[in-house]
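Spelled out from the first residue to the last, the chains are:
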Amino acid sequence: MRLLIAAWAATRTVVLLCVFKVITVPGPDVTSDVSVIYQGWYRVLSTGVFPPDDVTWQYPPAAALAILSPALLPFLEYPAAFYVLACAADAAAFALLLYASRRGAGRERGRSRAGAWVWVAGVPLLGPTVYARYDLMVTTVAVAALLVLARSPRTAGALAAFGALLKVWPALLLAGTPRGRVTRAVWGAAVVTALVLTAAFAAAMPGALDFLTHQRDRGTEVESVGALVFHVARHFGWEGQVLLNYGSVEFLGPYVDLVSTAALLCTAAAFGWLLRWRLRAVEWTASTAADAAFAAVLLFTVTSRVISPQYMVWLVGLAAVCVTLRTGRQGLPAVLVVVATGVTLLEFPLNFGSVVASDALGVTLLVVRNGLLVAAAVLACARLWRTTVTEPLRRAEQAGGDGEGEDGGDGRGDGRGRRQRAPEREDGLVPR
């Protein structure tokens, strides 16, 4: 425990020294998003309206709370206050993971400190970017939602909805909730929370829903999986450009629309797979909701038109929850995500010039990072399917072959020689 806390304190001190520019990190100044963009939004939001006609504002309405949060520390300048609050959110997620692991150290043997170690190691691997974006705050909300699910489904649903109103992706936390009473409680609380908060923002601040139309004309961001097509094509005469567009560095030119549309179709296919998994799953364990959320966000990330560096903290947080819950089997995908986070630091900001230029180093870093993410997504989905669909069905078939579950056997047959699904426990999980 002491070693964990010391490692967290040491690594976070380094991150803070980087964002306060005591330590200089090569490459673009990642803190400009806070000192220029966020602070500019802060001035507008402080007047009671969302940024008008600003296509770079692409966030749900609760994101205003993150941008306005430095007002809680009026004795600090805006950037300094933001970094301190980001560090506080980091500490909160770490504390939640530690508490979850301690609850499993005694009577309840289903928890591990490995998740806290994943968080301690993974977050600083992103470098100063992790404290210079508000994604860490969103991830802390998501971590809390998953860890509280077993004890308070309605609280988990409310937290997932609040996270989705901060940055959309926490809505994917709802994908793996156990069918039945738990899902009704979680989804019901999420819907009510989302409707109430959205209505409140829409009534109080004009422009709360403008973000819905601000991403329609985006290109393909240079760090995404689809962008590799154009990084290679530039060496064979492709005549497109790399420009700052809609708040990110994107490819614009011939066939970009085609690749962007293909990315959207891949995202739709990923959601289709998630729906098929949910319909086919026959067994839930204490880790299934976290495993499903991890797989879903990985799918969303690798099929997206944009993979901004800060997206990695989402995956680190979900990976940490998965390995905290020992019943899960997402250890290898979690390791791949941590390694990919370290490679992300190499491509942004350290060698972002090479990425933009599509030179050998830049393309190699993207191939490695994106390859690790794709591999993690495939493995996470395969393991989720195996633990909730394949293995339970195989056990049922083996039990049927031994004469259990047959008609006139132990009373649990369905009249066709197949074993019925075991009854749900009070917490909505199916006993193994």
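You'll find the structure just up there.
This section reports on the structure supplied with the text.

Calculation notes
Positions within a chain are numbered from 1, following the residues in the order the chain's sequence is written. In keeping with the predicted nature of the model, local features appear solely for residues at pLDDT of at least 70, side-chain atom pairs appear and are counted solely at 80 or more, and the whole-chain, interface and lining totals rest on all residues. Values shown for side chains rest on all heavy atoms present in the structure; no hydrogens or waters enter the calculation. A pair of strands counts as paired when DSSP detects no fewer than two bridges linking them. By the criteria applied, helices consist of DSSP H or I runs no shorter than four residues and strands consist of E runs no shorter than two, each listed in order from the N terminus. What a helix should span is 1.5 Å times the count of its residues minus one. Buried, partly exposed and exposed residues are distinguished by accessible area as a fraction of the type maximum, computed with a 1.4 Å probe on protein chains only: under 20%, between the cut-offs, and over 50%, respectively. Paired rings are identified among Phe, Tyr and Trp, the last through its six-membered ring, by centres lying within 6.5 Å, and are further divided according to the angle between planes into stacked (under 30 degrees), edge-to-face (over 60) and tilted (the rest). Only lysine NZ and arginine CZ atoms are considered, and such an atom sits over a ring when it is within 6 Å of the ring centre and within 35 degrees of the ring normal. N or O atoms within 3.5 Å of each other form a polar contact, as long as, within protein, one can give a hydrogen and the other can take it, and as long as residues adjacent in sequence are counted only when both atoms are side-chain atoms. Whether two residues are in contact is decided by their heavy atoms: any pair within 4.5 Å suffices. Each patch is assembled from residues with relative accessible area greater than 30% and no salt bridge, linking like charges that lie within 9 Å and nonpolar side chains (Val, Leu, Ile, Met, Phe, Trp, Tyr) that lie within 5 Å. Here the open area of atoms and residues is found with the Shrake-Rupley method and a 1.4 Å probe, where only the protein chains shown may cover a residue. Criterion for a salt bridge: a side-chain nitrogen of Lys or Arg within 4 Å of a carboxyl oxygen of Asp or Glu. Only the contacting stretch of a helix is used when fitting its axis, a line to C-alpha atoms as for every element, and angles between N-to-C directions run 0 to 180 degrees. Working definition: roughly parallel below 35 degrees, roughly antiparallel above 145 degrees, roughly perpendicular at 65 to 115 degrees, and oblique for all remaining angles. When the near helix sits turned anticlockwise from the far one by under a right angle, the crossing is termed left-handed; a clockwise turn instead gives a right-handed crossing. Residue classes follow a fixed rule: Ala, Val, Leu, Ile, Met, Phe, Trp, Tyr, Cys and Pro count as nonpolar, while Asp, Glu, Lys and Arg count as charged, and any other residue, Gly among them, counts as polar.

### Quick look at the pairing of strand 2 (residues 241-245)
Then, number 1: In this structure, strand 2 lies alongside strand 3 (residues 248-252), joined through five bridges in antiparallel fashion. The partner of valine 242 across the bridge, within strand 3, is phenylalanine 251.
Then, number 2: The loop that links strand 2 with its antiparallel partner strand 3 comprises two residues; one of these, tyrosine 246, has a positive phi angle of about 55°.

### What about helix 6 (residues 135-148)?
Then, number 1: A rise of 1.5 Å per residue sets the reference length of helix 6, with its 14 residues, at 20 Å; its end C-alpha atoms lie 20 Å apart and thus fit the reference within 8%.
Then, number 2: The buried fraction of helix 6 is high, at 13 of 14 residues.

### Re the packing of aromatic side chains
Aromatic ring pairs are described here by two measures, namely the spacing of the ring centres and the angle between the planes.
Then, number 1: Considering all chains together, one arrives at 22 aromatic pairs under this definition.
Then, number 2: Here phenylalanine 230 and tryptophan 238 contribute two aromatic rings whose centre-to-centre distance is 4.8 Å and whose plane-to-plane angle is 35°, an arrangement assigned as tilted. For the pair shown, phenylalanine 230 and tryptophan 238 are each scored as buried.
Then, number 3: Considering the side-chain rings of phenylalanine 348 and phenylalanine 352, the 5.0 Å spacing of their centres and the 85° angle between planes classify their relative orientation as edge-to-face.
Then, number 4: Take phenylalanine 348: its relative accessible area is 10%, and that puts it in the buried class.
Then, number 5: Each member of the aromatic cluster is reached from another via a ring pair, and the members are Tyr38, Trp41, Tyr42, Phe50, Trp57, Tyr59, Tyr78, Phe82, Tyr134 and Phe201.
Then, number 6: If you follow lysine 167 out to its NZ or CZ, it ends over the ring of tyrosine 134, 5.3 Å from the centre.

### Quick word on the side chain of threonine 177
Then, number 1: With respect to the element layout, threonine 177 can be found in the loop between helix 7 (153-167) and helix 8 (181-204).
Then, number 2: The exposure class of threonine 177 is buried, given its relative accessible area of 2%.
Then, number 3: At 3.2 Å, the side chain of threonine 177 forms a polar contact with the side chain of tryptophan 187.
Then, number 4: Each residue touching threonine 177, except ones within four places of it in the same chain, is listed here: Leu149, Thr183, Val186, Trp187, Arg278, Trp284 and Ala289.

### A few points about a nonpolar patch on the surface
Then, number 1: On the surface, a nonpolar cluster with roughly 680 Å² of combined accessible area is contributed by Val14, Leu17, Phe20, Val22, Ile23, Phe75, Leu76 and Val84.
Then, number 2: Inspection of the secondary structure puts valine 14 in helix 1 (residues 2-19).

### Focus on the pattern of salt bridges
Once the charged atoms of two side chains with opposite charge are near each other, the side chains can pair.
Then, number 1: One pass over the full model with this rule turns up eight salt bridges.
Then, number 2: Put simply, aspartate 90 and arginine 12 hold a salt bridge, and the shortest N to O gap is 2.6 Å. One end of the pair, aspartate 90, is in helix 4 (residues 78-103); the other, arginine 12, is in helix 1, with 78 residues separating them in the sequence. Both residues of the pair, aspartate 90 and arginine 12, count as buried.
Then, number 3: With its nearest N and O atoms 3.0 Å apart, the salt bridge here joins aspartate 29 to lysine 21.
Then, number 4: Within this structure, Arg329, Arg386 and Glu391 form a network of salt bridges that share partners.

### Considering the packing of helix 1 against helix 5 (residues 114-122)
Then, number 1: For the pair helix 1 and helix 5, the least separation of the axes is 9 Å and the interaxial angle reads 15°. With respect to helix 5, the axis of helix 1 lies roughly parallel. Here the hand of the crossing between helix 1 and helix 5 comes out left-handed. Residue-level contacts link Leu3, Leu4, Ala7, Trp8, Thr11 and Arg12 of helix 1 to Ala116, Trp117, Trp119 and Val120 of helix 5.
Then, number 2: Tallied by class, the residues present in the contact of helix 1 with helix 5 amount to eight nonpolar, one polar and one charged.

### A short note on the packing of helix 12 (residues 311-324) against helix 13 (residues 331-350)
Then, number 1: It is the contact of helix 12 with helix 13, at a shortest axis distance of 9 Å, that shows an interaxial angle of 155°. Judged by the inter-axis angle, helix 12 sits roughly antiparallel to helix 13. The handedness of the crossing between helix 12 and helix 13 is left-handed. Between helix 12 and helix 13, the residues in contact are Met312, Leu315, Val316, Ala319 and Val323 and Gly331, Ala334, Val337, Ala340, Thr341 and Thr344, respectively.
Then, number 2: Of the residues belonging to the contact of helix 12 with helix 13, the class tally is eight nonpolar, three polar and no charged.

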